[in-house]
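# Observations on the model geometry
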Amino acid sequence: MRDHAPEPTDGGAAPVGAAPRLHARIFAVLAARIASGALPPGAVLLESRLAARFGISRAPARQALARLAERGLVARTAGRGWVVTGDPAAPRAVATLEPVRLVPSSSWQRFYPEVERAIVARTAFASWRVIETELARHYAVSRTVAREMIARLHQRGVVRRDARFRWYAPALTPDHVGELYELRWLLEPVALRKAMPAVPAGFVAALRRRLEAAIARAETLDGQTLDELEADLHVRLLGHCGSAAMMESLRLYQSLLVAHSFLYNWVPRLYPTEPFLPEHLGIVERLEAGAVEEAAAALEAHLKASLGRALARIDQVAKAPPPEPLPYLERMP
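What you see is a predicted model; the values in this text were computed from it and never measured. (Residues numbered from 1 in each chain as written. Predicted model: local features only at pLDDT ≥ 70, side-chain atom pairs only at ≥ 80, totals over all residues. Heavy atoms only, no water.)

## Regarding the overall build of the protein chain
Stated precisely, the cut-off is as follows: The secondary structure listing takes helices from DSSP runs of H or I that are at least 4 residues long and strands from runs of E that are at least 2 residues long, numbered from the N terminus. Relative accessibility under 20% of the residue-type maximum defines a buried residue, over 50% an exposed one, and the middle range a partly exposed one, all with a 1.4 Å probe and only protein chains included. Contacts are residue-level and defined by heavy atoms, with any inter-residue pair within 4.5 Å sufficient. What sets the accessible areas is the Shrake-Rupley method with a 1.4 Å probe; for residues, cover comes only from the shown protein chains.
Along the backbone of the protein chain there are 13 helices and seven strands. Counting over 333 residues, the protein chain shows a buried share of 49%. Across the protein chain, the fraction of contacts at a sequence separation of at least 24, relative to all contacts at a separation of at least 6, is 80%. In the structure as shown, the protein chain presents an accessible area of about 15,800 Å², 55% of it carried by carbon and sulfur atoms.

## Observations concerning the sheet that holds strand S5 (residues 160-161)
Just so we agree on the cut-off: For two strands to count as paired, DSSP must find a minimum of two bridges between them.
The antiparallel open sheet is built from four strands, whose spatial order is S5-S6-S4-S7. Of all the strands in the sheet, the pair left with one neighbour each is S5 and strand S7 (329-331). The sheet contact formed by S5 and strand S6 (residues 167-169) spans two bridges and is antiparallel. Residue pairing for S6: Arg-161 is matched across the bridge by Trp-167.

## Quick word on the pattern of salt bridges
Operational definition: Counted as salt bridges are all cases of a side-chain nitrogen of Lys or Arg within 4 Å of a carboxyl oxygen of Asp or Glu.
Inspection of every chain in the model, using the stated rule, returns 20 salt bridges. Of the charged contacts in the structure, one is a salt bridge between Glu-132 and Arg-147, with a shortest N-O distance of 2.9 Å. With Glu-132 in helix H5 (residues 132-139) and Arg-147 in helix H6 (residues 143-155), this pair connects stretches of sequence that are 15 residues apart. The structure contains a network of salt bridges with shared partners spanning Arg-67, Glu-70, Arg-71, Arg-210, Glu-228, Asp-232 and Arg-236.

## Concerning the sheet that holds strand S3 (residues 81-84)
Overall, antiparallel pairing links the three strands, which are arranged S1-S3-S2 in an open sheet. Where the open sheet ends on each side, the last strands, each with one partner, are strand S1 (44-45) and strand S2 (74-77). With two bridges joining them, S1 and S3 adopt antiparallel strand pairing. Paired with Leu-45 across the strands is Trp-82, a residue of S3.

## Structural notes on the packing of aromatic side chains
The cut-off we apply is this: Ring geometry is summarised as follows: Phe, Tyr and Trp rings, the Trp one being its six-membered ring, pair when their centres sit within 6.5 Å, and such pairs are stacked at plane angles under 30 degrees, edge-to-face over 60 and tilted between the two.
Enumeration according to the criterion identifies two aromatic pairs in this entry. Look at Phe-111 and Tyr-139: their rings are 4.8 Å apart centre to centre, the planes differ by 35°, and that puts the pair in the tilted class. One end of the pair, Phe-111, is in helix H4 (residues 107-122); the other, Tyr-139, is in helix H5, with 28 residues separating them in the sequence. Residue Tyr-139 is classed as buried on the basis of its relative accessible area, which comes to 10%. Look at Tyr-139 and Tyr-328: their rings are 6.3 Å apart centre to centre, the planes differ by 40°, and that puts the pair in the tilted class.

## Topic: the packing of H5 against H6
Each pair of packed helices can be summarised by the angle the axes make with each other and by the distance between the axes. Basically, it comes down to this: Note on geometry: axes are C-alpha line fits, over the in-contact stretch for helices, and angles between N-to-C directions span 0 to 180 degrees. For classification purposes, angles smaller than 35 degrees are called roughly parallel, those larger than 145 roughly antiparallel, those between 65 and 115 roughly perpendicular, and all remaining angles oblique. By convention, the crossing between two helices is left-handed when the near helix turns anticlockwise from the far helix through less than a right angle, and right-handed when the turn is clockwise. Amino acids are sorted into nonpolar (Ala, Val, Leu, Ile, Met, Phe, Trp, Tyr, Cys and Pro), charged (Asp, Glu, Lys and Arg) and polar (every other residue, Gly among them).
Interhelical geometry of H5 versus H6 gives an angle of 110° and a closest axis separation of 8 Å. Between H5 and H6, the angle is such that the two are roughly perpendicular. At the point where H5 passes H6, the crossing takes the right-handed sense. Between H5 and H6, the residues in contact are Glu-132, Thr-133, Leu-135, Ala-136 and Tyr-139 and Arg-143, Ala-146, Arg-147, Met-149 and Ile-150, respectively. Across the contact of H5 with H6, the residue classes break down as six nonpolar, one polar and three charged.

## A look at helix H13 (residues 292-318)
Our working definition: The span one expects for a helix is its residue count, reduced by one, times 1.5 Å. To get the bend at a residue, fit one axis to the 7 residues ending there and another to the 7 starting there, then take the angle between the axes.
Taking 1.5 Å as the rise per residue, H13 with 27 residues should run 39 Å; its terminal C-alpha atoms sit 38 Å apart, in good agreement. The largest bend along H13 reaches roughly 25° and is located at Ser-306.

## With respect to the pairing of S3
Bridge count between S2 and S3: four bridges; the pairing is antiparallel. Considered in S3, the bridge of Arg-76 is made with Trp-82.

## Thoughts on the nonpolar core
Here is a general trend for soluble globular proteins: nonpolar side chains tend to be buried in one another's company. For clarity, the cut-off: Among buried residues, the Ala, Val, Leu, Ile, Met, Phe, Trp, Tyr and Cys ones that are joined through side-chain atoms within 4.5 Å form a nonpolar core.
Ranked by internal contacts, the top residues of the largest apolar core, which has 62 residues, are Leu-68, Leu-192, Leu-237, Leu-277 and Leu-287. Ranked by residue count, the leading element in this core is H13, at nine residues. Excluding anything up to four places from it in sequence, Leu-68 contacts Phe-27, Leu-30, Ala-31, Ile-34, Leu-73 and Val-74. Membership of the second largest hydrophobic core comes to 26 residues, among which are Ala-126, Trp-128, Val-130 and Tyr-328.

## A few points about the packing of helix H1 (residues 22-36) against helix H3 (residues 58-70)
Two elements in contact, H1 and H3, have axes whose closest approach is 8 Å; the angle formed by their N-to-C orientations is 50°. Taken together, the axes of H1 and H3 are oblique relative to one another. For H1 against H3, the interelement crossing comes out right-handed. On H3, the residues touching Leu-22, His-23, Ala-24, Ile-26, Phe-27, Leu-30, Ala-31 and Ile-34 of H1 are Pro-60, Ala-61, Gln-63, Ala-64, Arg-67 and Leu-68. When the residues that make up the contact of H1 with H3 are grouped by side-chain class, the tally is eleven nonpolar, two polar and one charged.

## Section: helix H12 (residues 276-288)
The α-helix advances 3.6 residues per turn, and as a result positions three or four apart in sequence lie on the same side. An ideal rise of 1.5 Å per residue puts 18 Å on 13 residues; H12 measures up with 18 Å between its terminal C-alpha atoms. Looking only at H12, the buried set comprises Phe-276, Leu-277, His-280, Leu-281, Gly-282, Ile-283, Val-284 and Leu-287. Once H12 finishes, Gly-290 follows within two positions and takes phi at roughly 85°, a positive value.

Quick look at the structure:
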C-alpha cells in the first residue's frame, strides 16, 4: 500500500524529453483509424503486415495489437491474425493500410508532458498566465513549438483564452471545480446513451475485466493505472457518442481528468480502495446487462460523489509548499 506518494518533479512520471513508446504510438494510430471507420469492423490485421507498414519490428506491433484487444477494439482469430470487432459477419480480407513511418516526436511532444504537469501542479494554488515567449525561451525552442504546446494545453482543457486573447490556466477553486463537475453530470449520461449503439462488441466486457482485475489488487495500483481506468469510461467509452459538438463540450472539463492524473501521483492515498473503482464497475455491469438508463443514472451519481473526493485531494495539494516559480507562468491576482 502506498502510504506516501513520492514528491514529483514538474515532469511527473515522464522524464524530460520523454516521448510515447513505439507500441503506444502504433496503438494510437490504429485506434484512431478504427474510430474513424478507416479500419471497419471485420477488417483483419496481421502482425507482419503492420510491422511492414510502420517500418518496425514485429514486437511493438504485437504489443499494440494486444493493447487494442484489451480495449475491445480487436479480437484474435484462428490463424488469421486479429479482426476489428463490432460485426458478427465473417472477417474480410486483410485491411488496407497506407504505409506509415514512425519518426521521432516533434519538439512540442517531447516537452509537453512536463509543461502540462507543471501547470496543473500550480493550479491548486492560483490561476496562471502562460507566456508564450518565455515558454519558448525556457525550452530553447521556437515560438512555433511553444504555440503547439499551448494549443495542446487548450485542447486538453488546461488553458483558456481571456477577453484579451491571452492564455491562462484557471485555478482549481471549489467554485470552478464544482461548475466543471456539474457540466460532467449533465453531459456524460447523455453521451453514454448516445455512445452505446456504436460501442464495439466486447468493448464493455473488456472494461469489466480490467476493473475486476484492478479491484482484486486495489491497494497496489499506481497513479498511471488509476488514470487509465478513469479514461476507459470517461474518455474511451464516451468517445463513441458520435457527436462532435458534444465531444467539444466534454473537452471543456478534460482538465479535471488531467488534474486527477496529477493528484493520483502526488497526493497520498486517501482511501484503502479508490471509490471510483466499484462505482465504475457498477456502471459497466449495468451496460453489459443492457440497462443503459440505469447505467446513465449510476454515472450521474458517481460524478456527484466524485466532486467531494476531488476537492479533498486539491485541498491537500494547496496546503503543501507551492512549487518553485517558472519563468513562463505569471501568477494572476
